[in-house]
Amino acid sequence: MGRKINSEKLGSLYYGKRTKKRREWRGAADTWYDYTRWLKNWSVMAKFMAKPANLKGFFRYRWMGNYLAVPDFVDRHTEGLRGPQLRIAHQEFDFIVEHVCDTISDLFRADPKCGNDEEFSKKLVVFDENMMSQIMNGFPNLKMVCREIPIVYTPSTVAQDGVLHYIDVAEEFGLPSDVCPMPAAELGCAIDDDYPLVGVCAVNCNTTCDGSLMGNGVEARRFNIPSFQLAVPIRHMQQSVQEYGAEEVANCIRFIEEQTGETFDWDHYFKCMETFNEETKLFREWLDISKTNHPQVIGNNVALYRDAYYQVGGGRDPRFLENDQKITQLAYKGYEKKVPCVSEVRHRAVLWGVQAQYYTAFPIWLQNCWGILPLIDMLSLTSTELYSTTDKQQALYDMADLYMKMNMRNRSNGGYEVGVDDLWRFCEEFHADMVIMYEHIGCKAMAGYHGIFEEQAKERGLHLIWVTHGLMDPRKAGRKDMRDEVNRYMRTVLREEPLDESLEEFQDENNW
Amino acid sequence: MKDLKHLYDLEQLLQECNNDLVKEACEKGQIAVGDVCSMIPEVLLNLPGCFSVRLRAPRTGSIEIGTYYMTSLLCEYCRALVERAVEGGYNFLDCIIAPDACAAMNRCVENMELLKTCEKEKFFVTYSDVPMKSDETALKHYVRQMRLRVLEPLHDVYGIDVSDAALLEAVEQHNKVCRLIRELGEFRKEEYPRITGYEFYIFCLATYCCPKDMLLPILEETLEEVREREPDQEKTYRIRVLLAGSEIDDLDFIKLIEDNGALIVADRHCFGSFPGRDEIKICEGEDLLTQICRHYMVTGQCPRFMNTEKVEERKDYADRLAKEYHADGIIYEQMKFCDYWGYERMAASHIMHEEYGYPVLSIDRPYVVGSSGQLRTRVQAFVESVEIKKIQGGR
C-alpha cells in the first residue's frame, strides 16, 4: 500500500452497494495532490450551483441528478494512477468538469424554464451531439451548444444508470430495443420534454450512424426551431466526394448567417484554426510517445478528453491549448524519467470499436488488473491533419473533412479501409500485440465486420479480445460482464495471472 | 377469380435469384449487375447489354455463416445475402453496384467483396456516395457519383454503351414496365378488385429480379388477362390496407396478411410499386443523367433522406396513397435491426394515427416470416379492430 503503482489492492475500494469505502492512498504527495483536486472540483460545482438559474435547473431536470456523482467519476478515472499520469488525468478531467459546468450554465441561462434570457438564447446555435463545431469558429458573436452532451452523453459516463429512464421512454414510445441506446436516450429525453428549449436555430448532421441520423429527424419535431441538415458524404475517403462536402458546409454557413443575421468572420475562423492546429501538433506528440516503450498519455487520459477538444472545443476555447501544453510537459517529464504506467507491462493494446459510455474507466482497469496498456482507442484516432489558416476555399474543404471525420464517424463510415485496414496499421505503428475489440450491441456499423476482424487478426497473430457492451445501457452487458470477457481470455488462452487479483472479481453493478 | 396464366410460373421463378430468365440472359452474353438498393437508379443498371438483379435470398433457412460474419445484431436480409453469397448463389453476377445507403447493406456488400464470393474474372464491386437530402447541391453530387461509380466502370470493364441514346433506351424500357405495373395496380382501387395484393406483388417483384425485356410480354399478356377478368361477386377481404416499410421480398409475408383478411391495395416499400415504378419523365434541354438522378432523388421515399421537407413528405405520401387506393388502415413494417425503418416506423405509427387519423399496425419482422403465429395474431387483431371502428363509425 502506498506510493508505488499496483501497491494498493484496488478491488478493496469496491464494497457492496457503497461506492467506495474510502479514498485511495497513493503516498503522501500524490494523495495530497489528488485531495486538493477533489476539493477544487467541489468548489467548481458549488460555484455553479450558486447561480439561481442553475439551481432552478437542478431541480427541474431529472438528468441533473447524475452530476452528484462527478467526484466519484473523477476518482474512477484516476484509480491506481501515480505521478505524471495522475496529474495528466486531473488536468484533463477537472477541466472537463469545468467546461461541462459552463455549458450547462449557458443552457440554463437561456432556458425559458430557468434563466429565460431571451437575448442570449438568440445567440445560441444548437448542434448535434456528435458534431464537430468548427463552423462556429467563424461566428465569434454566437455560441454553439451541443444540446445532448450535458444532458445525455456526459450523464451516462458519470453514472452508469444515468440515462436508462430515457431509453425506457423511447422504447415505450415504440422504438425497437435493438437500436443504439445513445440516439434512443436522446429521443427519450425529447419525448419526456427534458431538454431546455433554447437557441435560434439548429444544425443536425448525418453523424455516426443511421440511428443517430434518424433520431435527429424525430427530435426536431419537438424543438420547433429552424434546422439545417448537414449531409456530409459517407464515403469520406473518396476524392470525388470532397467537393460536395465543401458545398454542404458553405450551405450550412449561409443558413446560420440567414437565421442569426451574423456574417462569417474568416479572420476569427483562421485564428481558431491556428489554435486547433497547435492542439493537433501536441496530440501528435502524445501519440509519438505512446509508440515508444514509455507511453504517458494513454487509455482514459486520451479518450474522453480528445472528444472534448477535437469536437466541442474546435479551437475556439484557448483554455484547451493551455491545458494541452501542461499535459505535454507532464508527458515529457514522465517519458524522460521513464515513468511506467503500470508495474509490469504485459501487453500493448489498441482499443477498437465503440467504448461503453457507462464504463469509460474500463481502460484503466485493463492496465491495473492485467498490465494491458491501452495505448490508443478508435474514437481518439481522428484526423491529425493540419488545416489551412489562410485559404478560404481550402477552408471549406477542411471543414468538410473534419465533419466527415468526426469521432467515430471516421471509422464507422467510409468502408473497410478505415474500419478494418487502419486497425492493423495502428497495431503496427503502436507495436501492439493485442486488440481489445469493443462490441457495442446496437452498433451495426462495426458489428458488420465481426468475422473479418476475427479472421484477419488470426492471420496477423494478434490477440483479439471481444468485449461486449450496451453503450449506455448496462442492463444488456454490465461492467462485470465486460471484465469477465477479458478475465476469461487472460486466464484460459494466455494463462496469465493478474497484477492485482483483487480487481479480477468485484461487484460494482450498484455503483455510480 | 380464375387463376392468372403466368402467376404460377413467376412464383416458381421467384424461388431462385439466379432464375431461368436470368440464366437465359446470361447465356445470351448480357452482363448481370447485382443491385442492392433503390438509391442506385435502376435504369443505369439496365442499359443495352446489361440487366439488373435485385439481390434476394429466397428459401433462406439457416443464416449461421452470415451471422458469424456480421453478428446476430444486423438486419437478417443482409445476413441472408452474405450467407447466399458464401454458398455461391451469386456466382452468376458480373458486378455489384452498391450505394453507401445503410450501414448494414454496406457491410453486407463489403463482406461479399472481401470474402471473394463471386468468381467471375472481371467481377467488381463499386460503392457510391448517394444523397441524403433532396436539393440541387445533392443532385450535382449524385450525378457525379453515378457517372464515376456506375457508368464509367460498366463502360470500362464491360464496354457497355453509356451514351445518351443508350440511357434513353433504358428509360423507355423502364417506363414501359412502370406503365404496365401501374396499370395492373390500378385494379386494386376497385371495390371488388380484379387482382389481389399478392398477385400484384408477384408481378411487381419479378420486375426487380428479372431481365425486363423478357418480362415485358408476360406483363402485357397479364394486363390483358386482368382487364377481361371477372372479379369475385362477394368481397373476399375484410379491410383494405396500405403496406409501407422496408425491404419485403418474402411472398409468405404478403400471403399471411391477405390470408387474414387484409387486402393490400397499395405497396410502398423497397420492392413495391410506390415509388419504384414511377415513370421517369424526360424533357429536352437538360442533361439526361441529371434528369434520371433528379427523378430518383425527388421521388425517393427512403427514410435515409434527412431534410425536414422529405421527412414530412413521407407521411403525406402515405396519406395520399391510402386515400387514392381507399385503404382503411396502414401496416408499417420493418425488418428487424433496421435502424432507418425502426425510427420511421415508430414515428409514423404515431403520426399517421394521431395527425392523419389512420388505424396503424406497427410490426417488426424477421427476413423470413414463414407461418409466424405471432404475426398472424397481430394482423387478425388489427383487422378486427378496424372492423369494429368501422361499425362504430370511425371512433
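Residues numbered from 1 in each chain as written. Chains lettered and ligands numbered in written order. Predicted model: local features only at pLDDT ≥ 70, side-chain atom pairs only at ≥ 80, totals over all residues.

The name an unreviewed UniProt entry assigns to chain B is Benzoyl-CoA reductase/2-hydroxyglutaryl-CoA dehydratase subunit BcrC/BadD/HgdB, from the organism Faecalicatena orotica. Regarding chain B, the UniProt comment filed under Cofactor (unreviewed entry) reads as follows: "[4Fe-4S] cluster". The Sequence similarities (unreviewed entry) field of the UniProt record for chain B holds the comment "Belongs to the FldB/FldC dehydratase alpha/beta subunit family." (UniProt positions renumbered as here; feature names shortened; annotations may be inferred.)

Within an unreviewed UniProt entry, the label attached to chain A reads Benzoyl-CoA reductase/2-hydroxyglutaryl-CoA dehydratase subunit BcrC/BadD/HgdB, and the organism entered is Faecalicatena orotica. For the record of chain A, the UniProt heading Sequence similarities (unreviewed entry) holds the text "Belongs to the FldB/FldC dehydratase alpha/beta subunit family."

Enquirer: I tried to follow helix α6 (residues 136-158) of chain B on my own but got confused; where do I start?
Expert: For an α-helix, the turn length of 3.6 residues means that residues three or four places apart are oriented alike. Residues and elements named next belong to chain B. For α6, which comprises 23 residues, the first-to-last C-alpha distance of 31 Å matches the rise-based estimate of 33 Å (1.5 Å per residue) to within 8%. Remark: the principal bend of α6, roughly 35°, maps to E152, with a proline, P153, within the next four residues. The first or second residue beyond α6 is G159, which carries a positive phi of 70°. (Helix = DSSP H or I, 4+ residues; strand = E, 2+ residues; numbered from the N terminus. Expected span 1.5 Å × (residues − 1). Bend = angle between axes of the 7 residues up to and from the residue.)

Enquirer: Help me out: how do you make sense of the environment of A:N66 in this one?
Expert: Residue and element names in this part refer to chain A. For N66, the position within the fold is in the loop between α2 (52-60) and α3 (70-77). Residue class for N66 comes out buried when judged on the 23 C-beta atoms lying within 10 Å of it. C-alpha of N66 to C-alpha of N137: the two residues are 71 residues apart in sequence and 31 Å apart in space. Those residues in contact with N66 that sit more than four places away from it in its chain are P155, V158, A159 and G162. (Buried ≥ 20, exposed ≤ 12 C-beta atoms within 10 Å, placed from the backbone. Contact = placed C-beta atoms within 7 Å.)

Enquirer: For this particular structure, what's the right way to read the nonpolar core?
Expert: Soluble, globular proteins show a tendency: their nonpolar side chains are buried together. Judged by nonpolar contacts, the single largest core of 295 residues is most densely connected at A:V350, A:Y403, B:V241, B:L242 and B:I330. A total of 13 residues in this core trace back to one element, the largest contributor, which is helix α4 (residues 83-110) of chain A. Residue contacts for A:Y403: discarding those within four places in its chain leaves A:M132, A:C205, A:L230, A:V232, A:G245 and A:V249. (Core = buried A, V, L, I, M, F, W, Y, C linked by C-beta atoms within 7 Å.)

Enquirer: I tried to follow the packing of α4(A) against helix α12 (residues 300-313) of chain A on my own but got confused; where do I start?
Expert: Each pair of packed helices gets described by two things: the angle between the helix axes and the distance between those axes. All names here are of chain A. Following both chains from N to C, one finds α4 and α12 inclined at 30°, their axes separated by 10 Å at the closest point. Between α4 and α12, the angle is such that the two are roughly parallel. α4 and α12 meet at a crossing whose hand is left-handed. Side by side, α4 and α12 meet where Q85, I88, A89, E92, I96 and H99 of the first sit next to N300, N301, L304, Y305 and A308 of the second. The residue inventory of the contact of α4 with α12, partitioned by class, reads six nonpolar, four polar and one charged. (Axes fitted to C-alpha atoms, helices over the stretch in contact; angles between N-to-C directions. Parallel < 35°, antiparallel > 145°, perpendicular 65-115°, else oblique. Left-handed = near helix turned anticlockwise from the far one by under 90°. Nonpolar A, V, L, I, M, F, W, Y, C, P; charged D, E, K, R; others polar.)

Enquirer: Hey, could you run me through the sheet that holds strand β6 (residues 372-377) of chain A in this one?
Expert: One key point about sheets: their strands pair by backbone hydrogen bonds, in either a parallel or an antiparallel sense. Residue and element names in this part refer to chain A. Strand order in the open sheet made by the four strands is β6-β5-β7-β8, with parallel pairing throughout. The sheet is open, and its two edges are formed by β6 and β8 (463-469), each paired on a single side. Neighbour to neighbour, the strand axes of the sheet diverge by 30° on average, direction disregarded. Across seven bridges, strand β7 (residues 434-440) lies against β8 in parallel orientation. Across the sheet, the residue bridging to M434 is H463, located in β8. (Pairing = 2+ DSSP bridges.)

Enquirer: Sorry if this is basic, but what is going on with helix α10 (residues 251-259) of chain B here?
Expert: Within α10(B), the full set of buried residues consists of B:F253, B:I254, B:L256, B:I257 and B:E258. Elements that come into contact with the buried residues of α10(B) comprise α8 (197-209), β6 (262-268), β7 (329-335), β8 (360-365) and α14 (373-391) of chain B.

Enquirer: I would appreciate a short explanation of the sheet that holds β6(B) in the present structure.
Expert: All names here are of chain B. Pairing within the open sheet is parallel, and its four strands lie in the order β6-β5-β7-β8. Each edge of the open sheet is held by one strand with a lone partner, namely β6 and β8. Across the sheet, the mean angle separating the axes of adjacent strands is 25° when strand polarity is ignored. The pairing of strand β5 (residues 239-245) with β6 spans six bridges and is classified as parallel. By the bridge assignment, L242 is partnered in β6 with A266. Across the sheet, α10 touches β6, β7 and β8, and the angle it forms with β6 is around 140°.

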